[in-house]
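In case you want the letters, here they are:
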Amino acid sequence: MRSVEESVIEQPAPPPAQGEREHPSLALANTAMALPGGHTIDLLGTPAQANHWLTERGLAPVDAGMREMCAAQLRSLREQIRSLFASRAEGLPALPAAVSAINDAMTRVPTAPLLRWDDETGPYRTAPHPTTAIVDLALATLAADAADLLTSPDAERLTACGSPPCNRFLLRHGRRQWCSTRCGDRARAARAYARRSKGG
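Keep in mind the model is a prediction, meaning the values are calculated, not measured.

Caption draft 1: Broad picture of the side chain of Thr31. Inspection of the secondary structure assignment puts Thr31 in the loop between helix H2 (24–29) and strand S1 (32–34). A distance of 3.0 Å separates the side chain of Thr31 from the side chain of Arg78, its partner in a polar contact. With sequence-adjacent residues up to four places away left out, Thr31 is seen in contact with Ile41, Asp42, Leu43, Leu44, Trp53 and Arg78.

Caption draft 2: Local environment of unusual backbone geometry. Look at the link from Pro164 to Pro165: it is a cis peptide, with omega at 5 degrees. With respect to the helices, strands and loops of the structure, Pro165 is situated in the loop between strand S5 (158–160) and strand S6 (169–171).

Caption draft 3: Region of the structure containing the pairing of strand S4 (residues 122–126). Pairing between strand S3 (residues 114–118) and S4: 5 bridges, direction antiparallel. When the bridges of S4 are listed, Arg116 appears paired with Tyr124. Where S3 hands over to S4, the hairpin turn is made up of 3 residues, counted between the paired strands.

Caption draft 4: Focus on the packing of helix H4 (residues 68–90) against helix H5 (residues 96–107). At a minimum axis distance of 9 Å, the contact between H4 and H5 shows a crossing angle of 130 degrees. On the basis of the axis angle, H4 is oblique to H5. Here H4 runs over H5; the crossing is left-handed. Contact residues: H4 offers Leu77, Gln80, Ile81, Ser83 and Leu84, while H5 offers Ala97, Ala98, Val99, Ala101, Ile102 and Ala105. Among the residues making up the contact of H4 with H5, the classes are represented as 9 nonpolar, 2 polar and no charged.

Rules used in this analysis
- Residues numbered from 1 in each chain as written.
- Predicted model: local features only at pLDDT ≥ 70, side-chain atom pairs only at ≥ 80, totals over all residues.
- Heavy atoms only, no water.
- Helix = DSSP H or I, 4+ residues; strand = E, 2+ residues; numbered from the N terminus.
- Polar contact = N/O pair within 3.5 Å; in protein donor to acceptor, adjacent residues only side chain to side chain.
- Contact = heavy atoms within 4.5 Å.
- Pairing = 2+ DSSP bridges.
- Axes fitted to C-alpha atoms, helices over the stretch in contact; angles between N-to-C directions.
- Parallel < 35°, antiparallel > 145°, perpendicular 65-115°, else oblique.
- Left-handed = near helix turned anticlockwise from the far one by under 90°.
- Nonpolar A, V, L, I, M, F, W, Y, C, P; charged D, E, K, R; others polar.

Structural data, given as structure tokens:
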């Protein structure tokens, strides 16, 4: 089992798919990748990885102190966004729970310090726990970007990578159906192999 884990860790992540730089929600959807041979990469697998991913996109400070609960919230939002992107790309109805999750994330961020009440000292106002507030803001930003992408003209270009087993999404540009050169090469090689097999 250890050798499988090592092969997954050593496998370099592909370059960003078309549209990821403009849409952080697309980048989030692509943080869980299926690779040939049944391997996977999860760029949000640990709190430190989740913190690093958010930091790279300016959504959290380096020292945010991400906890597993916060990383799990980010992974959960990723799955809801993936569900909505898949529905849109395939022309299928969206799962109501996925739509609700996006709306909940967008409206979770308080716009002002909340009222609290201490039985001994009385009422006071305070912001939520700093790390929780950072994560909630990041989730709201990513959810809003997903909603913007799904309702924009770019949504017509949203598609899944056409090179199995890859599960990444991209914004199609011209005839390109792959998220990376590596996936395109793999798809072309598979087609060439299939043609040779039929001819042989």
